[in-house]
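# Observations on the model geometry
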Amino acid sequence: MEETISLKEIFETLKKRIVMIIVITLIAVSAAGVISYNVLTPKYEATTQVLVSQAATGASILSAANPFESDSSYIDTYNVILQSPYILDQVNDAVGMEADPQLTVNQEGESQVVTIRIEDTDPGRAVETANVTAEVFQREIATLLNIDNIHILAPANVSDAEAPVSPNPVLNMAIAFVVGLMASVGLAFLLEFLNNTIRSESDIEKTLGLPVLGAVSIIDDETDTLDEEEINEQPPERRERIGS
């Protein structure tokens, strides 16, 4: 026999476990807040933009020596060069870093502008690394391809890198709230499913697969000594219990 769960049973289960649901959710949100503010190391982002100009000095040499099919083709090539060890090793030497910086290179839409993003735990070092990367790239492109078509549009500055980009405590706590709520609700239904206690006539029917023919009411010992007049003085619901 297939069992169905009504909305009333769902609400009753949630109501019965509401304290557990609230506690688990609050613990998840609190843990996310503590980890975000006290455990995770803040990271800062610095950006600089460079223009890859095909009309700059040496563009004719670029077309002759490196016949790219379109602007996006040579910009993609520049992106690869930017993230190569050839550039990053020189950046590390200039900045004094032992590991490669967290570098992201993006082309702005279909334009010839390339944005260089650097993430670091030190905002000042992030700004320095972004600017050095752009300068090294501008210098080395002239050496590698014998052209001069890289222009630095917007150098990175410290004021733009003062606010950390990660972690985001509000976002982390919001995610923890949703996860904690879902986990606590799921746990509430799991505990209800594992509870085999028989609490009503319907539970007996579900367990035994047999209909309930009758029920024995609880009778207080004091009702045995009541006469008819005393019974009539009792409240209606009590008279029903005594009569049964």
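Keep in mind it's a predicted model, so treat the numbers as computed, not measured.

### A short note on the nonpolar core
Counting residues in hydrophobic clusters, the biggest one holds 30 residues, and the most contacted among them are Ala 46, Tyr 78, Val 114, Phe 137, Ile 141 and Ile 150. When contributions to this core are tallied by element, the ones reaching two or more residues are strand S1 (44-57), helix H4 (71-82), helix H5 (85-95), strand S2 (102-107), strand S3 (113-120) and helix H6 (123-145). Non-local contacts of Ile 141, meaning those with residues more than four positions away in its chain, are made with Tyr 78, Ile 81, Asn 146, Ile 147, Asn 149 and Ile 150.

### Considerations on the side chain of Thr 133
On the secondary structure map, Thr 133 appears in helix H6. The class for Thr 133 is buried, based on a relative accessible area of 0%.

### Considerations on the UniProt feature "transmembrane region" (unreviewed entry) in the chain
Within this numbering scheme, the UniProt entry marks residues 18-40 and 170-191 as carrying the feature "transmembrane region" (unreviewed entry). Segment residues 18-40 splits into 96% helix and 0% strand. End C-alpha atoms: 32 Å apart. For residues 170-191, the helix share is 100%, the strand share is 0%, and the end-to-end C-alpha distance is 31 Å.

### Quick look at the side chain of Thr 129
Mapped onto the elements of the fold, Thr 129 is located in helix H6. The exposure class assigned to Thr 129 is buried, which follows from its relative accessible area of 0%. Once you skip the residues sitting within four places of it in the chain, Thr 129 turns out to touch Val 91, Val 95, Met 97, Pro 101 and Ile 118.

### Here we look at the pattern of salt bridges
Applying the stated criterion across every chain yields a total of 3 salt bridges. We note a salt bridge from Asp 120 to Arg 125, for which the minimum N-O separation is 2.7 Å. With relative accessibility at 8%, the residue Asp 120 sits in the buried group. Of the residues examined, Arg 125 reaches a relative accessible area of 32% and is grouped as partly exposed. For Glu 140, the salt bridge is made with Arg 139, and the minimal N-O distance between the two is 3.3 Å.

### Digging into the confidence of the model for the chain
Residue-level pLDDT values for the chain average 79, and 73% of them are 70 or greater. Element-level mean pLDDT values for the chain span from 46 in helix H3 (residues 59-65) up to 94 in helix H2 (residues 18-39). Predicted confidence is poor over residues 56-70, with pLDDT under 50, and the contacts of this stretch with residues over four places away or in other chains come to 21 contacts.

### A look at the environment of Ser 53
Inspection of the secondary structure puts Ser 53 in strand S1. Under the relative-accessibility criterion, Ser 53 is labelled buried at 16%. C-alpha separation for the pair Ser 53 and Asp 148, spaced 95 residues apart in sequence, amounts to 8.7 Å.

### Points about the packing of helix H1 (residues 7-16) against helix H7 (residues 169-194)
Where H1 meets H7, the axes come as close as 10 Å, and the angle between the chain directions of the two elements is 105°. The angle between H1 and H7 places the two elements in the roughly perpendicular class. For the pair H1 and H7, the contacting residues are Ile 10, Thr 13, Leu 14 and Lys 16 in the first and Val 185, Ala 188, Phe 189 and Glu 192 in the second.

### A word on the packing of aromatic side chains
Under the defined criterion, the tally for this structure stands at 1 aromatic pair. On the numbers, 5.8 Å between centres and 75° between planes, the contact of Tyr 78 with Phe 137 is edge-to-face. Taken together, the residues Tyr 78 in helix H4 and Phe 137 in helix H6 connect sequence positions 59 residues apart. With respect to class, Tyr 78 is no different from Phe 137; both count as buried.

### Section: the environment of Leu 40
Mapped onto the elements, Leu 40 comes out in the loop between H2 and S1. Judged by its relative accessible area of 39%, Leu 40 is partly exposed. C-alpha separation for the pair Leu 40 and Ser 166, spaced 126 residues apart in sequence, amounts to 8.7 Å. Excluding residues that lie within four positions of it along the chain, Leu 40 makes contacts with Ile 35, Pro 167 and Asn 172.

### Description of the environment of Val 132
Here Val 132 lies in helix H6. Separated by 42 residues in the primary sequence, Val 132 and Gln 90 place their C-alpha atoms 9.1 Å from one another. In contact with Val 132, not counting residues within four places along its chain, are Val 91, Ala 94 and Val 95.

### Here we look at H7
With 26 residues, H7 ought to run about 38 Å at 1.5 Å a step, and its terminal C-alpha atoms sit 36 Å apart, in line with that. Those residues of H7 that fall on the buried side of the exposure criterion are Pro 169, Ala 176, Gly 180, Ser 184, Ala 188 and Glu 192. The inward-facing, buried residues of H7 contact H1 and H2.

Parameters at a glance
- What you see as residue numbers is a count from 1 along each chain, following the sequence as written.
- The predicted origin of the model limits local features to residues at a pLDDT of at least 70 and limits the giving and counting of side-chain atom pairs to 80 or more, whereas totals for whole chains, interfaces and linings rest on all residues.
- Side-chain measures here rest on the full set of heavy atoms in the structure, leaving out hydrogens and waters.
- Side-chain atoms within 4.5 Å are what join buried Ala, Val, Leu, Ile, Met, Phe, Trp, Tyr and Cys residues into a set we call a nonpolar core.
- Partly exposed describes any residue whose relative accessible area lies between the buried limit of under 20% and the exposed limit of over 50%, with all areas from a 1.4 Å probe on protein chains only and scaled to the type maximum.
- Secondary structure elements follow DSSP: runs of H or I of four or more residues count as helices, runs of E of two or more count as strands, with numbering from the N terminus.
- Pairs of residues are marked as contacts when any of their non-hydrogen atoms sit within 4.5 Å.
- UniProt positions are given in the numbering used here, feature names are shortened, and annotations may be inferred rather than shown by experiment.
- Note on definitions: salt bridges are taken to be side-chain nitrogens of Lys or Arg within 4 Å of carboxyl oxygens of Asp or Glu.
- A residue's pLDDT is simply how confident the predictor is in it, with values from 0 to 100.
- To obtain each axis, a line is fitted to C-alpha atoms, and for helices this fit is confined to the stretch in contact; angles are then taken between N-to-C directions over 0 to 180 degrees.
- Should an angle lie under 35 degrees it is considered roughly parallel, over 145 roughly antiparallel, and from 65 to 115 roughly perpendicular; all remaining angles are considered oblique.
- Stacked, tilted and edge-to-face are the three classes assigned to paired rings of Phe, Tyr and Trp, where Trp is represented by its six-membered ring and a pair needs centres within 6.5 Å; plane angles under 30 degrees give stacked, over 60 edge-to-face, the rest tilted.
- What a helix is expected to span follows from its residue count: subtract one and scale by 1.5 Å.

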